[in-house]
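Residue-level structure breakdown
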Amino acid sequence: MTKLFLSLHVIAAVLAIGPVTVVASMFPKALRRAHAAPGDREAYAALRLLHRICRVYAGVGIAVPVFGFATASSLGVLGSAWLIVSILLTAAAAAVLVLLILPVQGRALATVPEAEPEGEAAAHRAAAHRAAGRLAMLTGVFNLLWATVTVLMIIRPGSTTGV
């Protein structure tokens, strides 16, 4: 069972966490593009799609810790320090995604104008630029947390593999 749980855990991480890290990283640039060209339906559609992918894969990503706990339990390592740190970092990454990135994306998406008077364009672009910068920073933190968890999963201090 351990090999099955581990395989499902790794597959879930690759298929769920990988896409959300890439797509969340793409959102700030797409947001700037959408605000630079008000009325560009394609830019707005791309933003909506990126946000939807982030939301869906955030939900699918729940499988990663579920299979991770099953794997850790079957290996008897639930009390290991490296695993506890990984769990805390995973919780922090999930919180950054669900409580910060997704809401900021949603608010930013709601502010993309279909068309705007010239006088308001500069103010909207400045707000979009700030939102894009905040999203880029939050996404960087999210990606760094997941990279750290990945390294911990590979190194596994105290591992019985001898590697």
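Only a predicted model underlies this, so the values are computations on that prediction, with no experimental measurement involved. (Residues numbered from 1 in each chain as written. Predicted model: local features only at pLDDT ≥ 70, side-chain atom pairs only at ≥ 80, totals over all residues. Heavy atoms only, no water.)

1. Description of the nonpolar core
In terms of nonpolar packing, the biggest core is built from 34 residues, with Phe27, Leu31, Leu47, Leu97, Ile101, Phe142 and Trp146 touching the most fellow members. Those elements that place two or more of their residues in this core are helix H1 (2-36), helix H2 (41-60), helix H4 (81-110) and helix H5 (118-155). Excluding anything up to four places from it in sequence, Phe142 contacts Val20, Thr21, Ala93, Val96, Leu97 and Ile101. (Core = buried A, V, L, I, M, F, W, Y, C linked by side-chain atoms within 4.5 Å. Buried < 20%, exposed > 50% of the residue type's maximum accessible area, 1.4 Å probe, protein only. Helix = DSSP H or I, 4+ residues; strand = E, 2+ residues; numbered from the N terminus. Contact = heavy atoms within 4.5 Å.)

2. A closer look at the environment of Ser7
By secondary structure assignment, the location of Ser7 is in helix H1. Counting along the chain gives 64 residues from Ser7 to Thr71, while the straight-line C-alpha distance between them is 9.1 Å.

3. Topic: the packing of H1 against helix H3 (residues 63-75)
Relative to each other, H1 and H3 sit at 155°, their axes nearing to 8 Å. In terms of orientation, H1 lies roughly antiparallel with respect to H3. Note that H1 runs across H3; the crossing there is left-handed. Side by side, H1 and H3 meet where Thr2, Phe5, Leu6, Leu8, His9, Ala12, Ala13 and Ile17 of the first sit next to Ala63, Val64, Phe67, Gly68, Ala70, Thr71, Ser74 and Leu75 of the second. Partitioned by chemical class, the residues of the contact of H1 with H3 number eleven nonpolar, five polar and no charged. (Axes fitted to C-alpha atoms, helices over the stretch in contact; angles between N-to-C directions. Parallel < 35°, antiparallel > 145°, perpendicular 65-115°, else oblique. Left-handed = near helix turned anticlockwise from the far one by under 90°. Nonpolar A, V, L, I, M, F, W, Y, C, P; charged D, E, K, R; others polar.)

4. Quick look at the UniProt feature "transmembrane region" (unreviewed entry) in the chain
UniProt tags residues 6-27, 56-75, 81-102 and 135-155 as "transmembrane region" (unreviewed entry). Note that residues 56-75 is 90% helix and 0% strand, and that its end C-alpha atoms are spaced 30 Å apart. For residues 81-102, the end-to-end C-alpha separation is 30 Å, with 100% helix and 0% strand making up the annotated structure. (UniProt positions renumbered as here; feature names shortened; annotations may be inferred.)

5. Describing the side chain of Thr71
Structurally, Thr71 is set in helix H3. What Thr71 contacts, discounting residues up to four positions off in sequence, is Phe5, Leu6 and His9.

6. Observations regarding a nonpolar patch on the surface
A surface patch of nonpolar side chains, amounting to about 450 Å² of accessible area, comprises Leu6, Val10, Ile11, Val14 and Leu15. Its location among the elements puts Ile11 in helix H1. (Patch = residues over 30% accessible without salt bridge, like charges linked within 9 Å, V, L, I, M, F, W, Y side chains within 5 Å. Areas by Shrake-Rupley, 256 points an atom, 1.4 Å probe, with all protein chains shown as cover. Salt bridge = Lys/Arg side-chain N within 4 Å of Asp/Glu carboxyl O.)

7. Some points on H3
Counted at 1.5 Å a residue, the expected span for H3 with its 13 residues is 18 Å, and the 18 Å between its end C-alpha atoms agrees. Following H3 by one or two positions, Gly76 has its phi on the positive side, about 75°. (Expected span 1.5 Å × (residues − 1).)

8. Notes on the packing of H1 against H2
Two elements in contact, H1 and H2, have axes separated by 8 Å at closest approach and are oriented at 155°. In terms of their interaxial angle, H1 and H2 are classed as roughly antiparallel. As for how H1 packs across H2, the hand of that crossing is left-handed. Contacts between H1 and H2 involve Leu15, Ala16, Pro19, Val20, Val23, Ala24, Met26, Phe27, Ala30, Leu31, Arg33 and Ala34 on the former and, on the latter, Glu42, Ala43, Leu47, Leu50, His51, Ile53, Cys54, Tyr57 and Val60. Looking at the contact of H1 with H2 residue by residue, the class counts come to 18 nonpolar, one polar and two charged.

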